[in-house]
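# Structural overview
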Amino acid sequence: MPRKGATMKRTNIASGTQWELIVGYSRAVRVGDAVHVSGTTATGADGKIVGMGDAYAQTVQTLSNIESALHKAGARLEDVVRTRMYVMNIAEWEKIGRAHGEFFGKIRPATAMVQVGGFVSPEMLVEIEAEAIVTSRKSKKLRKK
């Protein structure tokens, strides 16, 4: 717990996409033990959408991108406490949910999935936000009685 009046360090994490500078946002922001990952899509390293027309493939790529942002912020998927999934077609919820479950099935963060009217690019089918709280990685030794 920070002492009264202390400020926590803020770290902005960039992924290098052109949109971060244009729109003025970070892929993720870490303040203290909290990591907030911006709305993330299925953008590949080349800047193009991965999995054109395939909601499952786009969800997998999106979650991989989120995992990368978390790692850059010193967090892991296991630290995620909440996700928000925005989808173009709620009828594809099972495909999107299956991919989410492959990443978070044992972690089980709080989540929401809502249909939206559109994204900045018509090829995008899914956008996901994530929030994480980094917990101590040190193993606790049991006291001998």
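Anything mentioned here points back to the structure above.
Presented here is an overview of the structure given in this document. This is a predicted model, so every value here is computed, not measured.

## Things to note about the nonpolar core
In this structure, Val35, Val37, Ile66 and Leu70 are the most contacted members of the largest nonpolar core, which totals 24 residues. Those elements that provide at least two residues to this core are β3 (34–40), α2 (55–72), β4 (80–87), α3 (93–104) and β6 (126–133). If you tally residues by element for this core, the top one is α2, at five residues.

## Digging into the pattern of salt bridges
One pass over the full model with this rule turns up six salt bridges. One salt bridge connects Glu78 with Arg76, and the closest N-O pair in it is separated by 3.8 Å. What makes Arg76 partly exposed here is its relative accessible area of 36%. Notably, a salt bridge pairs Glu131 with Arg84, separated by 2.8 Å at the nearest N-O pair. One end of the pair, Glu131, is in strand β6; the other, Arg84, is in strand β4, and 47 residues separate them in sequence. Arg84 sits in the partly exposed class, given a relative accessible area of 23%. Among the charged side chains, a network of salt bridges with common partners joins Arg84, Glu129 and Glu131.

## Brief notes about the environment of Ser26
Position of Ser26 among the secondary structure elements: in the loop between α1 (18–24) and β2 (28–31). Residues Ser26 and Thr11, spaced 15 residues apart in sequence, show a C-alpha to C-alpha distance of 9.6 Å. Look past the residues within four positions of Ser26 in its chain and what remains in contact with it is Asn12, Ile13 and Ser38.

## Thoughts on the sheet that holds β4
Strand order in the open sheet formed by six strands is β1-β2-β3-β6-β4-β5, and the pairing between neighbours is mixed. The open sheet terminates on both sides in strands that have one partner only, identified here as β1 (10–13) and β5 (110–115). Each strand of the sheet is rotated relative to its neighbour by a mean of 10 degrees, with strand direction disregarded. Here β4 runs beside β6; their pairing, made up of seven bridges, is antiparallel. Looking at the pairing, Val87 lines up with Val126 of β6. Lying over the sheet, α3 contacts β4, β5 and β6, oriented at roughly 160 degrees with respect to β4.

## Quick look at α3
Over its 12 residues, α3 extends 15 Å from the first C-alpha to the last, a length consistent with the 16 Å expected when each residue adds 1.5 Å. If you follow the buried residues of α3, they end up packed against α2, β4, β5 and β6.

## Thoughts on the packing of aromatic side chains
All chains considered together, the criterion is met by zero aromatic pairs. Above the face of the Tyr56 ring, Arg98 is positioned so that its terminal group lies 4.2 Å from the ring centre.

Definitions and cut-offs
Residues numbered from 1 in each chain as written. Predicted model: local features only at pLDDT ≥ 70, side-chain atom pairs only at ≥ 80, totals over all residues. Heavy atoms only, no water. Core = buried A, V, L, I, M, F, W, Y, C linked by side-chain atoms within 4.5 Å. Buried < 20%, exposed > 50% of the residue type's maximum accessible area, 1.4 Å probe, protein only. Helix = DSSP H or I, 4+ residues; strand = E, 2+ residues; numbered from the N terminus. Salt bridge = Lys/Arg side-chain N within 4 Å of Asp/Glu carboxyl O. Contact = heavy atoms within 4.5 Å. Pairing = 2+ DSSP bridges. Axes fitted to C-alpha atoms, helices over the stretch in contact; angles between N-to-C directions. Expected span 1.5 Å × (residues − 1). Phe/Tyr/Trp six-rings, centres within 6.5 Å; stacked < 30°, edge-to-face > 60°. Lys NZ or Arg CZ within 6 Å of the ring centre and 35° of its normal.

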